[in-house]
Amino acid sequence: MSRRRTLGPKKKLALLVSAATVAGGGAFVMANTSNAAPPPTTRSAADSTVCQGLATALGNNQKFIEGQRAAPDAQSEARIANREAVIAQIQRQQEASGCTVGESAQDSQAAQPQQPAPSQPAAEDGGAQASGEQVCNGSTVTLSGEGGAPAASSNQFPAGTKLKVTNLDNNKSTTVEVTSVSGSCVLLNDAAFEQVREAGKFLIRRAVIEKVG
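A quick note: this is a predicted structure, and the numbers were derived from the prediction, not measured. (Residues numbered from 1 in each chain as written. Predicted model: local features only at pLDDT ≥ 70, side-chain atom pairs only at ≥ 80, totals over all residues. Heavy atoms only, no water.)

1. Quick notes on the pattern of salt bridges
If you walk through the whole model with that rule in mind, you get five salt bridges. Note that Glu194 is salt-bridged to Arg197, the shortest N-O span being 2.6 Å. Note on Glu194: relative accessible area 48%, which makes it partly exposed. Given a relative accessible area of 15%, Arg197 falls into the buried group. With its nearest N and O atoms 3.5 Å apart, the salt bridge here joins Glu198 to Lys201. Given a relative accessible area of 24%, Glu198 falls into the partly exposed group. Look at Lys201 and you get partly exposed, because its relative accessible area is 30%. (Salt bridge = Lys/Arg side-chain N within 4 Å of Asp/Glu carboxyl O. Buried < 20%, exposed > 50% of the residue type's maximum accessible area, 1.4 Å probe, protein only.)

2. Things to note about helix H3 (residues 76-96)
Compared with an ideal rise of 1.5 Å per residue, which puts 21 residues at 30 Å, H3 spans 30 Å between its outermost C-alpha atoms and is within 8% of the ideal. Among the residues of H3, those classed as buried are Ser76, Ile80, Arg83, Val86, Ile87, Ile90 and Gln94. Looking down the long axis of H3, one finds its buried residues gathered within 120 degrees of arc, a one-sided arrangement. Across from the buried face of H3, at angles greater than 90 degrees, the exposed residues are Glu77, Glu95 and Ala96. Looking at the residues trailing H3, positive phi occurs at Gly98, about 80 degrees. (Helix = DSSP H or I, 4+ residues; strand = E, 2+ residues; numbered from the N terminus. Expected span 1.5 Å × (residues − 1). Arc of directions from axis to C-beta.)

3. Brief notes about the packing of aromatic side chains
According to the stated counting rule, one finds zero aromatic pairs in the structure shown. The ring of Phe202 carries the charged tip of Arg197 above its face, separated from the ring centre by 4.8 Å. (Phe/Tyr/Trp six-rings, centres within 6.5 Å; stacked < 30°, edge-to-face > 60°. Lys NZ or Arg CZ within 6 Å of the ring centre and 35° of its normal.)

4. Here we look at the pairing of strand E5 (residues 172-181)
As defined by bridge partners, strand E3 (residues 152-154) adjoins E5 across three bridges and the pair is classed as parallel. The residue bridging Ser154 from the neighbouring strand is Val181, located in E5. Relative to E5, strand E4 (residues 162-167) runs antiparallel, the two being bridged by six bridges. For Leu163, the partnering residue across the bridge sits in E5 and is Val176. As consecutive antiparallel partners, E4 and E5 are separated by four residues, and within that stretch Asn171 has a phi angle of approximately 65 degrees, a positive value. (Pairing = 2+ DSSP bridges.)

5. Points about the confidence of the model for the chain
Here the chain averages 73 in pLDDT, while 66% of its residues score no lower than 70. Element-level pLDDT for the chain is lowest in helix H1 (residues 9-34), with a mean of 44, against a maximum mean of 95 in E4. This model gives residues 108-130 a pLDDT under 50, and the stretch forms 50 contacts once residues within four places in sequence are excluded. (pLDDT = per-residue confidence, 0-100. Contact = heavy atoms within 4.5 Å.)

6. Description of unusual backbone geometry
One non-glycine residue, Cys136, lies in positive phi territory at about 55 degrees. Within the secondary structure, Cys136 is located in the loop between strand E1 (133-135) and strand E2 (141-143). Given a relative accessible area of 12%, Cys136 falls into the buried group. Of note in the backbone geometry, Asn171 takes a positive phi value of approximately 65 degrees without being a glycine. Relative to the helices and strands, Asn171 resides in the loop between E4 and E5.

7. So, the state of the cysteines
Taken as a whole, this structure holds two disulfides when the rule is applied. With a sulfur-sulfur separation of 2.1 Å, Cys51 is cross-linked through a disulfide to Cys99. Where Cys51 bonds to Cys99 through sulfur, the torsion about that S-S bond is close to -85 degrees, and the disulfide is left-handed. Placement of Cys51 in helix H2 (residues 45-70) and of Cys99 in the loop between H3 and E1 is noted, with a sequence separation of 48 residues between them. Note that Cys136 is cross-linked by a disulfide to Cys185, the S-S spacing being 1.4 Å. On the sign convention where negative is left-handed, the bridge of Cys136 and Cys185, at about 65 degrees about the S-S bond, is right-handed. Taken as a pair, Cys136 in the loop between E1 and E2 and Cys185 in the loop between E5 and strand E6 (187-188) lie far apart in primary sequence, 49 residues in all. Exposure remark for Cys185: the relative accessible area of 1% places this residue in the buried category. (Disulfide = S-S within 2.5 Å.)

And the structure:
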């Protein structure tokens, strides 16, 4: 006849503590699982376009600063200081728009396929219907972040050149004069960009750029 082993008071207490620890641990895991943060929501297409435009603007200004530092002249220090202030403003816009602050993207001259010139677009630049040689085929257009009267900057055309920029997505156009150097074919300052932008967007994907003077 077998003898049943009995547990002493100390062993019983130890088993109870272990069981409570396991149970408590399971409850802790379940609580943490139930309280886990939901997965991040996917950024909408509109938000992505805003963020991409700001990133492109930031990258263009950074590229300009790099060029000035690589080949400085008497005005480089002032130009760099101005563009650094512009970059700070763009970063504030990125934060306000929920974008990654400091995200940068260089403007690609081959980002878009060549677009045909529109036939007599509705002018939004004081009635000017200037047209000329189409340039910078496939380029996107964004803003430099600079203030002042409507103007443009470019790495291909000297100061005094007049460029007509048409946004094919809303059929708006503006003709502006190049007044400074930048890191891409054409950057519009804030005032010029306002004349052709779509609401809430900082990037023109489908643009026709013409040299008119």
